[in-house]
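Each chain, letter by letter, is given below.
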Amino acid sequence: MTGHVSLIGMAGEGCLSLTSRAINAVSSAEVLVGSASHLAFFPQFTGKKLTYQFPIEGFITELLSLYAQQDIAILTSGDPLFYGLGQTLAKLKVSQHIEIIPHLSCVQQACARLGLPYQDMALLSLHGKVNKQKLPGLVAQIQHHDRFALLTDATDNPLTIACKLVKFNELGWQLHLCEALGTCNEKITHWTPIELAKVDLSQIHHTNIIIGERTTQRPWENGKGHQPDSTYSKRTPNKGLITKAPIRAIAVANLQLTPKSVVWDIGAGSGSVGIEAAKQAYQAHCYAIECNDTCWPQIEANIINNKVDNLQLIKAKAPQGLAELPSPDAIFCGGSRGQMSQLLPLFWQKLTPGGRLICSAVTLDTVIELKQLSDSLALTPQLLLVSSASDRTIGSYTSYQSDNPIHLFIFEKAIATC
């Protein structure tokens, strides 16, 4: 017979915040688990007390194994199902029955103090996550909302967040800094991003949450979805190294992205394809891979101007730099620098099932190479030949100037069926 596990949310005032149901769960437990501050509220508890150890997943797994036959009460802050231990337990195969007794989340408390409804807020967290799991892009995500709630941590603290908003010219926000909610040290102050970026961090309580309200700034201001070529910073010779707008629009549309699609833009040039893809895949990490160092300043400037902090520049010549990246759901290859015979098999291997790969070709030589490589790998791409022209003035007349026709090889990786 296995024991019973109670996961109990608490507020800053400790026992005073607990319901009779939560108090009973603690009283009947044989093992009490929590942070040192949580456990300090229960000096009268006579059973075994354990303090959290990290990494937390390993600690919880060992805890539930060692004390499988005993009743366990686990203390945590706020609502365990809001970026808390509840999601950790949900991922583990737990034999014990788990009862969750929540308290108000920090977002509920903050919004109650401010009198703000939160059903349409972006609910975001940077709290306690390792680097590879960090929020893909705060700036990209808040473009879809007029309000956001953000849980911070020691690294991504309120000053760091404010500085990031300033860097990406996201200045039209009112930031409510809510500190030590539910305790005698509770404090709520109000800032612009520029003001908060100058505050002394040592004066801010380590337990805090930011509530942001859009004021004067519109979503994606100066950086909407599909942009004309003229808005991108690019190398000046030959009209710049950029996938032209009509091709870019067709390519990104055919990648069939979702908000959580991981995207690789290979041979990024100005980064325009990766940028417009990252706007659609705003809840995911996206990558622009480019080896030409003269392109790097332009890509970095375009990332800031288009507010896609979920797009990371990888300064390498593919396939270098790809091994450590997460598997992509979509790949656009605008230039292989003679590496296509090596890259295409790698792309196909790395691409997730159901994902799409698009390779563009300007020259007949590249078209022939891609066709032969496709045949050798038993791949059957959809082929598109795209021609476009833009207006030009000749004296008092208007004519058209044609761009080079572009071949697009569109590959879709099937999802395996049983």
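Residues numbered from 1 in each chain as written. Predicted model: local features only at pLDDT ≥ 70, side-chain atom pairs only at ≥ 80, totals over all residues. Heavy atoms only, no water.

Quick look at the overall build of the protein now. Secondary structure summary: the protein contains 13 helices and 19 strands in total. Overall, the protein is about 90 × 55 × 35 Å in size when its C-alpha atoms are taken along their principal axes. Within the protein, the fraction of its 418 residues that count as buried is 49%. Looking at the protein alone, contacts between residues at least 24 apart form 70% of all its contacts between residues at least 6 apart. For the protein, the computed accessible surface area is about 20700 Å², with 53% contributed by carbon and sulfur atoms. (Helix = DSSP H or I, 4+ residues; strand = E, 2+ residues; numbered from the N terminus. Buried < 20%, exposed > 50% of the residue type's maximum accessible area, 1.4 Å probe, protein only. Contact = heavy atoms within 4.5 Å. Areas by Shrake-Rupley, 256 points an atom, 1.4 Å probe, with all protein chains shown as cover.)

In this structure, Trp-264, Ile-266, Ile-289, Leu-322, Phe-347 and Cys-359 are the most contacted members of the largest nonpolar core, which totals 81 residues. Ile-266 has contacts with Ile-289, Ala-318, Leu-322, Ile-331, Phe-332, Cys-333, Gly-334, Gly-335 and Phe-347, leaving out every residue within four places of it along the chain. (Core = buried A, V, L, I, M, F, W, Y, C linked by side-chain atoms within 4.5 Å.)

If you walk across this open sheet you meet the five strands as β3-β2-β4-β1-β5, and the pairing is parallel. The open sheet has two edge strands, β3 (48–51) and β5 (97–101), and neither has a second partner. On average, each strand axis in the sheet is inclined to that of its neighbour by 20°, with strand direction left out of account. On top of the sheet, helix α3 (residues 56–66) reaches β1 (4–10), β2 (31–34), β3 and β4 (72–77); it is set at about 160° to β4, its chief contact. (Pairing = 2+ DSSP bridges. Axes fitted to C-alpha atoms, helices over the stretch in contact; angles between N-to-C directions.)

Under the defined criterion, the tally for this structure stands at 13 salt bridges. Residue Glu-186 pairs with Arg-113 through a salt bridge whose shortest N-O separation is 2.8 Å. With Glu-186 in the loop between β8 (173–179) and β9 (187–191) and Arg-113 in helix α5 (residues 106–114), this residue pair connects regions lying 73 residues apart in the sequence. What makes Arg-113 partly exposed here is its relative accessible area of 40%. (Salt bridge = Lys/Arg side-chain N within 4 Å of Asp/Glu carboxyl O.)

Among the six residues that make up β4, five are buried, leaving the element largely enclosed by the rest of the structure. By the bridge criterion, six bridges tie β1 to β4 in an arrangement that is parallel. Across the sheet, Ile-8 pairs through a bridge with Leu-75, a residue of β4. In the sheet, β2 pairs with β4 via three bridges, with the strands oriented parallel. Opposite Leu-32, over in β4, you have Ala-73 as the bridge partner.

In spatial order, the strands read β13-β12-β11-β14-β15-β19-β16; together these seven strands make up an open sheet with mixed pairing. Only two strands of the sheet have a single neighbouring strand rather than two, namely β13 (311–315) and β16 (382–386). Between one strand axis and the next, the sheet turns by 15° as a mean value, whatever way the strands run. As paired strands, strand β11 (residues 263–266) and strand β12 (residues 286–290) are joined by four bridges and run parallel to one another. From the neighbouring strand, Ile-266 faces β12, where its bridge partner is Ile-289. Its contacts with the sheet put helix α12 (residues 340–350) on β11, β14 (330–333), β15 (356–361) and β19 (406–412), and the angle it makes with β15 is roughly 160°. Sheet strands in contact with helix α13 (residues 364–376) are β15 and β19, and its direction is about 15° off that of β19.

Here the focus is helix α10 (residues 272–280). Buried residues dominate α10, accounting for eight of its nine residues. Regarding α10, the residues found buried are Ser-272, Val-273, Gly-274, Ile-275, Glu-276, Ala-277, Ala-278 and Lys-279. Where α10 is buried, its residues meet α9 (245–254), β11, β12, α11 (296–305), β13 and β14.

Here we come to unusual backbone geometry. Glycine aside, a negative phi is what most residues show, and trans is what most peptide bonds show. Cis geometry marks the peptide bond from Phe-54 to Pro-55; its omega dihedral reads 5°. Position of Pro-55 relative to the elements: it lies in the loop between β3 and α3. The omega torsion across Ala-318 and Pro-319 is 10°, close enough to zero to call that bond cis. With respect to the secondary-structure elements, Pro-319 resides in the loop between β13 and β14. Residue Gln-256 is not a glycine yet carries a positive backbone phi of 50°. Within the secondary structure layout, Gln-256 lies in the loop between α9 and β11.

So, about the side chain of Ser-17. Along the chain, Ser-17 turns up in the loop between β1 and α1 (20–28). Judged by relative accessible area, which is 11%, Ser-17 ranks as buried.

Looking now at the side chain of Gln-298. Summarising the element assignment, Gln-298 is placed in helix α11. Using a relative accessible area of 18% as the deciding quantity, one classes Gln-298 as buried. The contacts of Gln-298, once residues within four sequence positions are left out, are Ser-233, Lys-234, Arg-235 and Ser-270.

Don't take any of this as a statement about function, it's just geometry.
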